[in-house]
Amino acid sequence: MEELTDKVEAEARRLVEEVEIGGGSVKAIERGFFQEAIARSAYEQQRDIEAGKQVVVGVNEYVTAEPVQPIPAPDYSKLADAQKQRLQALRAQRAPKKVKQTLAALDDAARQPSAPLMEPILDAVRARATLGEISDVLRSVWGVHDAAR
């Protein structure tokens with residue numbers, strides 16, 4: 001067990017070092033380093049499963065002849081309606097001025113290159129800003145990541 005732990009630790013250190021040598025996490029994201037590493041790992045794992053080198057109970061070992069029971073899909077329109085009602089109730093209960101202030105503070109912080117964002121985000125959450133509202137602020141400042149670029 002300890003040998004396996006040492007192996008995982010050594011591989012993790014190697015990856016961290018590779019990221020640092022390449023200019024840090026931001027540069028690695030821009031180069032698609034993480035996406036490529038995840039895709040390569042998934043490919044290798046699937047190859048090992050198909051070759052029988054890795055056991056997945058119920059997939060390539062210990063498979064039963066019983067048919068798989070279908071899982072019924074939920075009524076998404078009903079779920080959406082319930083979520084809309086909860087959102088309306090939240091917005092009716094919160095202080096709109098406080099939400100606007102906290103979102104404006106988050107916008108200001110996001111525009112500063114090295115400003116910490118956790119506290120402005122938490123302030124917005126405490127004021128009952130929604131995840132969508134917080135995300136909209138950050139998207140308006142930074143845009144949307146495009147993995148294809």
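Residues numbered from 1 in each chain as written. Predicted model: local features only at pLDDT ≥ 70, side-chain atom pairs only at ≥ 80, totals over all residues. Heavy atoms only, no water.

Caption draft 1: Region of interest: the nonpolar core. Counting residues in each nonpolar core, the largest one holds 12 residues, listed as Val 99, Leu 103, Leu 106, Ala 109, Ala 110, Leu 117, Ala 124, Ala 127, Ala 129, Ile 134, Val 137 and Leu 138. Taken together, the elements giving at least two residues each to this core come down to helix 5 (96–110) and helix 7 (131–142). Discounting residues that sit within four places of it in the chain, Ala 127 has contacts with Arg 94, Lys 98, Val 99 and Thr 102. (Core = buried A, V, L, I, M, F, W, Y, C linked by side-chain atoms within 4.5 Å. Buried < 20%, exposed > 50% of the residue type's maximum accessible area, 1.4 Å probe, protein only. Helix = DSSP H or I, 4+ residues; strand = E, 2+ residues; numbered from the N terminus. Contact = heavy atoms within 4.5 Å.)

Caption draft 2: Inspection of the packing of helix 5 against helix 7 at higher detail. Direction vectors running N to C along helix 5 and helix 7 enclose 30°, while the axes themselves pass 9 Å from each other. Comparing the axis directions of helix 5 and helix 7 gives the class roughly parallel. Viewed along their axes, helix 5 and helix 7 form a crossing whose handedness is right-handed. Contacts between helix 5 and helix 7 pair Val 99, Leu 103, Leu 106, Asp 107 and Ala 110 from the former with Glu 133, Ile 134, Val 137, Leu 138, Ser 140, Val 141 and Trp 142 from the latter. Grouping the amino acids of the contact of helix 5 with helix 7 by side-chain chemistry returns 9 nonpolar, 1 polar and 2 charged. (Axes fitted to C-alpha atoms, helices over the stretch in contact; angles between N-to-C directions. Parallel < 35°, antiparallel > 145°, perpendicular 65-115°, else oblique. Left-handed = near helix turned anticlockwise from the far one by under 90°. Nonpolar A, V, L, I, M, F, W, Y, C, P; charged D, E, K, R; others polar.)

Caption draft 3: Layout of unusual backbone geometry. Not every positive phi belongs to a glycine, and Tyr 62 is a case in point at roughly 55°. Its place among the elements puts Tyr 62 in the loop between helix 3 (33–50) and helix 4 (76–93).

Caption draft 4: Main features of the packing of aromatic side chains. Using the criterion set out here, one finds 1 aromatic pair in the structure. Aromatic side chains Phe 33 and Phe 34 sit 5.4 Å apart centroid to centroid with 80° between the ring planes, which places their arrangement in the edge-to-face category. (Phe/Tyr/Trp six-rings, centres within 6.5 Å; stacked < 30°, edge-to-face > 60°.)

Caption draft 5: Region of interest: the packing of helix 5 against helix 6 (residues 118–126). Remark: helix 5 packs on helix 6, axes separated minimally by 8 Å, with the N-to-C direction vectors making an angle of 165°. Classed by the angle they form, the pair helix 5 and helix 6 counts as roughly antiparallel. Helix-helix and strand crossings are classified by hand; for helix 5 and helix 6 the assignment is left-handed. Contact with helix 5, carried on its side by Thr 102, Leu 103, Ala 105, Leu 106 and Ala 109, involves Pro 120, Ile 121, Asp 123 and Ala 124 of helix 6 and no other residues of that element. Residue composition of the contact of helix 5 with helix 6, grouped by class: 7 nonpolar, 1 polar and 1 charged.

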